[in-house]
Amino acid sequence: MFFLHLAWKSLWNRKITSLLTVLSVALSIALVLSVDRAKRASEEGFTSTISGTDLIVGARSGPLNLLLYTVFNMGNATNNISIETYNYFKSHPAVEWTIPYSLGDSHRGFRVVGTDDSFYEHYRFRKDRQLEFAEGAKAQGIWDVVLGADVAEKWNYQLGQKVVIAHGITKGEGILFHDDKPFRVSGILKKTGTALDRSLYITLAGLEAVHIDWSNGAQPTRESAIPQDQVRAEDLKTTQITSFFLRTKSRIETLRLQREINTYENEALSAIIPGVTLGELWRGLEFVEAVLIAIGWLVIFVGLVTLLIALLTSLNERRREMSILRSLGASPMKLASLLVAESFLLSALGVLAGVVSHVFSFWLLKDFLENQLGLYLTGAWIGSQGWLAMSMTVVLGALVGFLPAVQAQRRALKDGLSVKT
Amino acid sequence: MAAILLKNLQFKYPSSKTWVVDIKDWQVPAGEMCFLSGPSGCGKSTLLEILAGIQKEQAGEVWIGTTEMSRLSPQERDRFRADHLGYVFQSFNLIPYLNVFENVQLALEMSPHKKQKVASPRAKIDELLRSLGMSDFRDRAVTELSIGQQQRVALARALIGEPELILADEPTSALDYDHREKFLQLLFQEARKLKSTVLFVSHDRTLEKLFDRTVAFSEISKGRT
Ligand SMILES: Nc1ncnc2c1ncn2[C@@H]1O[C@H](COP(=O)(O)OP(=O)(O)OP(=O)(O)O)[C@@H](O)[C@H]1O
Ligand SMILES: [Mg+2]
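The shown structure was predicted, so the numbers you read here are calculated from the model rather than taken from an experiment.

Calculation notes
- Residues numbered from 1 in each chain as written.
- Chains lettered and ligands numbered in written order.
- Predicted model: local features only at pLDDT ≥ 70, side-chain atom pairs only at ≥ 80, totals over all residues.
- Heavy atoms only, no water.
- Core = buried A, V, L, I, M, F, W, Y, C linked by side-chain atoms within 4.5 Å.
- Buried < 20%, exposed > 50% of the residue type's maximum accessible area, 1.4 Å probe, protein only.
- Helix = DSSP H or I, 4+ residues; strand = E, 2+ residues; numbered from the N terminus.
- Contact = heavy atoms within 4.5 Å.
- Pairing = 2+ DSSP bridges.
- Axes fitted to C-alpha atoms, helices over the stretch in contact; angles between N-to-C directions.
- Disulfide = S-S within 2.5 Å.
- Salt bridge = Lys/Arg side-chain N within 4 Å of Asp/Glu carboxyl O.
- Patch = residues over 30% accessible without salt bridge, like charges linked within 9 Å, V, L, I, M, F, W, Y side chains within 5 Å.
- Areas by Shrake-Rupley, 256 points an atom, 1.4 Å probe, with all protein chains shown as cover.
- Near = heavy atom within 4 Å.
- Polar contact = N/O pair within 3.5 Å; in protein donor to acceptor, adjacent residues only side chain to side chain.
- Nonpolar A, V, L, I, M, F, W, Y, C, P; charged D, E, K, R; others polar.
- Domains from an automatic or database assignment.
- Parallel < 35°, antiparallel > 145°, perpendicular 65-115°, else oblique.
- Left-handed = near helix turned anticlockwise from the far one by under 90°.
- Buried area = accessible area lost by both parts, 1.4 Å probe.

Undergrad: What is the right way to read the nonpolar core from this model?
TA: Grouped burial of nonpolar side chains is what soluble globular proteins tend to show. W26, L47 and L51 of chain B are the most contacted members of the largest nonpolar core, which has 114 residues in total. Looking at which element gives the most residues to this core, the answer is helix α12 (residues 332-372) of chain A, with 10 residues. Non-local contacts of W26 of chain B, meaning those with residues more than four positions away in its chain, are made with I4, L5, L6, C34, L47, L199, R213, V215 and I220 of chain B. If you look at the next biggest cluster of nonpolar residues, it comprises 28 residues, including Y69, F72, V113 and V146 of chain A.

In structure tokens form, the structure reads like this:
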């Protein structure tokens with residue numbers, strides 16, 4: 001259509017301004033799309049840290065706390081639960097499997113988890129993904145340790161290397177070290193993109209072994225210390241664990257079992273359904289998301305204002321042009337629609353450029369986001385927020401053209417054919 | 001038959017105190033080359049705008065051929081102008097971001113009626129440009145043309161689509177005497193071929209001898225001068 005051709009030529013004639021306008025619209029669209037995408041990816045990554053587990057059980061505490069210290073390596077357990085309780089529920093007729101999960105020690109800012117074979121066998125994340133080894137195998141011997149991918153990468157650990165763990169959970173370097181009893185790296189897990197990558201895994205026996213000569217949380221004296229080579233498997237008795245994961249034989253049992261655990265008489269316990277608590281936690285973060293989205297919309301608003309300014313300032317230079325078109329028979333309405341067509345073209349191009357740069361930058365950053373930030377970019381490139389932002393921008397962009405259009409129309413009638421300034 | 005017929009025409013701007021144009025009875029016969037002269041500010045351009053249907057008179061009748069402009073709605077007047085008139089300004093005639101060819105093409109694109117009258121638009125535009133000596137500049141940006149060349153392009157645009165009436169508002173003011181004459185020869189030559197009527201406005205009376213008839217604005221309009 002010649003009219004669009006005219007609008008296009010006119011825009012091209014002012015290419016610097018047009019380009020900058022398109023750029024500002026593109027940037028705002030790319031920002032909104034990226035925020036939306038990152039949000040969806042982080043929600044996905046967040047909620048997919050654990051799956052296949054019906055209940056997480058620990059000593060009585062708030063559900064969020066229990067979730068945070070088991071699944072997200074944050075905070076501490078207030079209490080332990082006895083091995084008798086664990087065994088009771090492990091062999092409970094409604095239970096399919098359990099994974100013991102003991103915390104307390106750390107290694108250079110990463111947590112050390114005491115667990116057993118069931119962890120490698122049953123733990124699932126991201127719908128139905130199982131733990132896999134990049135190198136080596138699971139911890140079997142007392143002094144074996146398996147490293148999460150981030151741990152191995154950060155300190156560049158190799159198979160067979162000796163690793164000393166620190167007593168207690170510390171952010172950085174420990175204060176009390178179990179340096180008399182180093183562990184040997186038996187395996188390194190593949191990257192999962194979850195908190196699992198940031199822990200070390202030893203056996204329950206191993207966790208007992210480093211503490212065998214400790215009493216009441218105090219370091220052994222020179223006399224009471226037991227050298228590593230004298231520690232025997234028979235002497236190691238696990239009496240407590242921090243928490244455990246549990247799978248029921250039938251999902252229908254979950255609520256009933258949860259109630260049973262919460263009202264267990266011998267010990268004060270808490271059982272949470274991970275999905276439910278994750279949902280609560282995510283909703284708690286919703287305001288951050290709301291702020292980001294609000295910023296995105298503000299940026300879009302600024303982009304549209306830029307568009308308006310560009311069109312309004314161009315009007316003055318174009319009075320002559322308007323008169324010529326008018327002399328050729330263009331009605332004031334037609335001149336107005338020319339301006340609306342221009343602003344439509346600008347905003348549509350801006351949206352297009354925004355989408356392209358969004359897709360391109362995420363394509364470039366994919367590896368970085370997945371490996372460094374654990375943002376797994378599954379799902380659609382553009383979410384409902386993005387579609388809303390894009391269609392709003394195009395529609396509002398065209399509407400923005402109406403203001404200069406109305407002005408041009410008024411001017412066209414006043415100026416007639418000859419421009420008098 | 002008259003190409004232009006005015007009866008008891010009265011026009012003023014919202015801000016003016018007296019009639020800017022006040023014409024009792026005036027006509028231009030079809031096919032005539034008419035020269036309208038008058039001092040600056042007397043209302044010549046205003047009259048052309050009324051004839052083109054851009055300004056609306058307060059009273060009286062305006063006939064262009066067999067159409068009574070005064071009865072048309074604003075949209076119909078815009079349509080009529082696009083379909084039946086050719087208009088040339090005194091300067092800055094062209095759209096700067098279109099090339100020579102596209103500027104001429106614009107007149108056809110604004111009017112399906114004109115377009116349909118021209119069998120093969122591209123060939124016709126090229127032919128017009130050739131007869132105006134502008135073939136070599138066909139795809140040139142109009143900003144790279146001299147004033148005289150620009151005015152020739154503007155003339156081509158006014159002539160394309162066989163308009164019944166060509167209104168020219170001091171189109172030669174930027175030209176020297178020789179080029180002015182050449183410009184007018186071209187205008188007359190094309191207009192005669194199309195049997196179009198020409199109303200040519202200028203305050204430069206040295207040109208009047210080339211026209212069929214000369215009219216002073218003050219003779220036909222009794223408004224202030
Ligand atoms: N848009 C307008 N609003 C109010 N008054 C106007 C407007 N346009 C023109 N006038 C007035 O109307 C009168 C006629 O103006 P017009 O432009 O028709 O003169 P002109 O004969 O074409 O002069 P010139 O030879 O200088 O082009 C002038 O006095 C001018 O001040
Ligand atoms: Mg004038």
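Undergrad: I keep staring at the sheet that holds strand β4 (residues 59-64) of chain B and nothing clicks. Help me out?
TA: Backbone-to-backbone hydrogen bonds pair the strands of a sheet. The strands run either parallel or antiparallel. Residue and element names in this part refer to chain B. Pairing in this open sheet of four strands is antiparallel, and the strands run β2-β1-β4-β5 from one edge to the other. The open sheet has two edge strands with one neighbour each: β2 (21-29) and β5 (67-68). Across the sheet, helix α1 (residues 44-51) lies against β1 (2-11), β2 and β4, angled at about 115° from β1, the strand it touches most.

Undergrad: Would you mind showing me how to read the state of the cysteines here?
TA: A covalent bond between the sulfur atoms of two cysteines is referred to as a disulfide. Residue and element names in this part refer to chain B. As enumerated under the stated definition, the model contains zero disulfides over all chains in all. With no disulfide of its own, C34 lies closest to C42 among cysteine sulfurs, the gap being 14 Å. Assessed through its relative accessible area of 2%, C42 is described here as buried.

Undergrad: Just to check I follow, could you spell out the pattern of salt bridges for this structure?
TA: Side-chain pairing between opposite charges can occur once the charged atoms of the two side chains come close. Residues and elements named next belong to chain A. Applying the stated criterion to the full structure yields 31 salt bridges over all chains. For the salt bridge of R198 with D150, the shortest nitrogen-to-oxygen distance reads 3.5 Å. Placement of R198 in the loop between β10 (183-189) and β11 (199-203) and of D150 in helix α6 (residues 149-155) is noted, with a sequence separation of 48 residues between them. Taking the relative accessible area as the measure of exposure, R198 reaches 39% and is therefore partly exposed. You can call D150 buried: its relative accessible area is 15%.

Undergrad: How should a nonpolar patch on the surface be read in this particular structure?
TA: Residue and element names in this part refer to chain A. A grouping of L31, F287, V288, V291, L292 and I295 is seen on the molecular surface, where their side chains present a nonpolar patch of about 510 Å² in accessible area. If you tally residues by element for the nonpolar patch, the top one is helix α10 (residues 286-317), at five residues. Of the residues examined, L292 reaches a relative accessible area of 39% and is grouped as partly exposed.

Undergrad: Would you mind going over the site of ligand 1 with me for this structure?
TA: For ligand 1, the set of nearby residues contains 16 residues, the closest of which are S40, G41, K44, S45 and T46 of chain B. Two or more chains meet at ligand 1, and those chains are chains A and B. Between ligand 1 and C42 of chain B, the relevant distance is 3.3 Å, taken from an oxygen atom to a main-chain nitrogen or oxygen of the residue. Protein burial of ligand 1: of its 630 Å² of free accessible surface, 72% is covered by the chains. Top element by residues in the shell around ligand 1 is α1 of chain B. It accounts for three residues. Taken together, the residues of the shell around ligand 1 sort by class into four nonpolar, seven polar and five charged.

Undergrad: Where do I start with the domain arrangement of chain A in this structure?
TA: Quite often, the size of an interface is put as the accessible area lost when its parts meet. According to the domain assignment, chain A contains domain 1 (2-46 + 286-417) and domain 2 (55-272). Spacing between the C-alpha centres of domain 1 of chain A and domain 2 of chain A amounts to 53 Å.

Undergrad: What's the story with the packing of helix α2 (residues 15-47) of chain A against helix α9 (residues 274-284) of chain A in this structure? I'm lost.
TA: Helix-helix packing: each pair is described by the crossing angle between the helix axes and the interaxial distance. Residues and elements named next belong to chain A. Closest axis-to-axis distance for the α2/α9 pair is 10 Å, and the angle between their directions is 150°. Taken as axis vectors, α2 and α9 run roughly antiparallel relative to one another. Viewed along their axes, α2 and α9 form a crossing whose handedness is right-handed. Across from K39, S42, E43, F46 and T47 in α2, the residues of α9 making contact are L278, L281 and W282. For the contact of α2 with α9, the residue count by class is four nonpolar, two polar and two charged.

Undergrad: Would you mind showing me how to read the interface of chain B and chain A here?
TA: Listed per partner, the contact involves 23 residues of chain B and 25 residues of chain A. Both faces considered, chain B and chain A share a buried interface measuring about 2300 Å² in area, 63% of it formed by carbon and sulfur atoms. Contact with chain A buries area across many residues of chain B, yet F89, Y97 and M110 of chain B alone supply 32% of it, more than any other trio. For the interface between chain B and chain A, the tally reads five residue pairs in polar contact (both at pLDDT 80 or more). Looking at the side of chain B that touches chain A, the elements with two or more residues in it are α2 (74-84) and α3 (100-109) of chain B. Per-element accounting of the side of chain B that touches chain A gives the leading share, five residues, to α3 of chain B. Among the residues making up the side of chain B that touches chain A, the classes are represented as 13 nonpolar, four polar and six charged.

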